[in-house]
Amino acid sequence: MKTTTRLGRRTLLKTAGATAALASAGTLVPAGFAIGQAAKVKIGLMLPYTGTFAQLGQAITDSFKLAVEQRGGKLGGREVEYAVVDDESEPAKAPENANKLVTRDKVDFLVGTVHSGVAMAMVKVARDTDTMLVIPNAGADAATGPLCAPNIFRTSFSNWQPAFPMGKVLADRGIKRAVTLSWKYAAGEESTNGFKEGFEKAGGKVVKDLWLPFPNVEFQPLLTEIASLKPEAVYVFFAGGGAVKFVKDYHAAGLRQSIPLVGAGFLTDGTLQAQGEAAQGLETTLHYGDRLDLPKNKEFREAYRKMTNREADVYAVQGYDAGQLIAAGLDAVKGDVKARKDLVKAMETTEIDSPRGRWTMSKAHNPVQDIYLRKVEGMENVVIGVAHKALADPARGCKMT
Ligand code: BEZ
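Rules used throughout
- Residues numbered from 1 in each chain as written.
- Predicted model: local features only at pLDDT ≥ 70, side-chain atom pairs only at ≥ 80, totals over all residues.
- Heavy atoms only, no water.
- Helix = DSSP H or I, 4+ residues; strand = E, 2+ residues; numbered from the N terminus.
- Rg over C-alpha atoms; globule rule 2.2 N^0.38 Å.
- Contact = heavy atoms within 4.5 Å.
- Areas by Shrake-Rupley, 256 points an atom, 1.4 Å probe, with all protein chains shown as cover.
- Lys, Arg positive; Asp, Glu negative; His and termini not counted.
- Charge placed at Lys NZ, Arg CZ, Asp CG, Glu CD.
- Near = heavy atom within 4 Å.
- Polar contact = N/O pair within 3.5 Å; in protein donor to acceptor, adjacent residues only side chain to side chain.
- Axes fitted to C-alpha atoms, helices over the stretch in contact; angles between N-to-C directions.
- Left-handed = near helix turned anticlockwise from the far one by under 90°.
- Nonpolar A, V, L, I, M, F, W, Y, C, P; charged D, E, K, R; others polar.
- Pairing = 2+ DSSP bridges.

Draft legend 1. Spotlight on the overall build of the protein. Tallying secondary structure elements over the protein gives twelve helices and 15 strands in all. Rg of the C-alpha trace for the protein: 23 Å, near the compact-globule value of 21 Å for 401 residues, within the 12% margin. Over its C-alpha atoms, taken along the principal directions, the protein stretches across nearly 85 × 45 × 40 Å. Considering only residue pairs separated by 6 or more positions, the protein has 69% of its internal contacts joining residues 24 or more positions apart. Approximately 17100 Å² of the protein is accessible, and the part contributed by carbon and sulfur atoms is 53%. Each charge class in the protein was averaged separately, 51 positive and 44 negative side chains, and the resulting centres sit 6 Å apart.

See below:
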């Protein structure tokens, strides 16, 4: 049976009057709220839950929810509701997936994703529909470069950021000839470019870039080519399941002794249980290290372990900080997502107390953060130095309107 509620004209006028009175008194009833019923804030999680980046998407999801749970299940005083989509790290499906979250589910914030190609589609949808977007991993340089916008934020890194310092680290060791190897898509290309920029500025020379398509893991022919090129070092960008296979294959090919292998820290983050012996001693650069001696890191790792029965990694840290960033914004406007200017201002100016160490937002909305040099010891990426202090992405082409 269909139920209709009829309100008399007098009731309607009374309700309208009460709403106006509350608004003019500056009472905290955010726009879009039904009287007597605080609407939930809607978060659209668009992340990979299948494929080579599945574990990364899960870590981000769990830690985002941890940040919300630590705030009593609320952001800006409002209960949280999630709409969740598996993006499969599939750029071709990304526009439809992101549009569904915005138009069908009417999310207040899009949160995603891991894969740079998918993130670029999310950036386009966020720009076209003026939806708030928080990127908790994908490093696509353009998101906080030429496509930067007031409604687009990142809590992770640009692909350039962890790669550039590794170039100097190697050159300072007297290494002159390096080869790179990566998946041929935005993240692999931009990570390679960042490394090359740092390495060649410091006096090294990249003699060859080797590629394979994402998410291909047929490494054997490329390992044979590396052996014949005999560089002094190899720099790679791989992550997730592909990183596990690559590190094992490099070790099995017997190259570890003759040609040092380095990379952006995704090579050994969240992967060590599966890589085991093959990863021992590998050095990488990243904005996080497992044993960082910070109270926030210890507290976070404990809470994450308790919640998931797993060890935290960089992806968990970035997801947690996405929750912390949105909380900072919504707290400032008491949950009123329509107070856009104040919301954005609060997200721009907050200092995030992160497990990676405190960080601030650059003008382009990307973290300004320390990049650590780490070495694998047992099941941990142990920080052995700071490769670059408070590094900001150059944000080439960003004109924030
Ligand atoms: C990316 O596609 O941007 C990415 C994926 C995994 C780890 C790091 C970056």
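Continuing now.
Draft legend 2. Representation of the site of the ligand. The local shell around the ligand holds 14 residues, among which Val114, Ser116, Gly139, Tyr185 and Ala187 are the closest. One nitrogen or oxygen atom from the side chain of Ser116 is found 2.6 Å from an oxygen atom belonging to the ligand. Tyr185 is positioned such that a nitrogen or oxygen atom in its side chain is 2.5 Å from an oxygen atom of the ligand. Summarising the interface, the protein chains cover 100% of the accessible area of the ligand, which totals 270 Å² for the free molecule.

Draft legend 3. Up close: the packing of helix H5 (residues 160–172) against helix H6 (residues 186–201). Across the interface, H5 lies against H6 with an axial gap of 7 Å and an inter-helix angle of 35°. When you trace H5 past H6, the crossing you get is right-handed. Counted together, Trp160, Ala163, Phe164, Met166, Gly167, Lys168, Leu170 and Ala171 of H5 and Glu190, Ser191, Gly194, Phe195, Glu197, Gly198, Phe199 and Lys201 of H6 form the full contact between these two elements. Its residues assigned to classes, the contact of H5 with H6 shows eight nonpolar, four polar and four charged.

Draft legend 4. Structural detail: the side chain of Thr285. Assignment of secondary structure puts Thr285 in strand E11 (residues 283–286). Setting aside its immediate chain neighbours within four residues, Thr285 contacts Pro162, Met166, Gly263, Ala264, Gly265, Ile371, Tyr372, Leu373, Arg374 and Ala387.

Draft legend 5. Geometry of the sheet that holds strand E1 (residues 41–47). Strand order in the open sheet formed by six strands is E2-E3-E1-E4-E5-E6, with mixed pairing between adjacent strands. A single partner strand is all that each edge strand has here, and the edge strands are strand E2 (74–75) and strand E6 (152–154). Sitting on the sheet, helix H3 (residues 94–104) touches E1, strand E3 (78–86) and strand E4 (109–111), and the angle it makes with E1 is about 170°.

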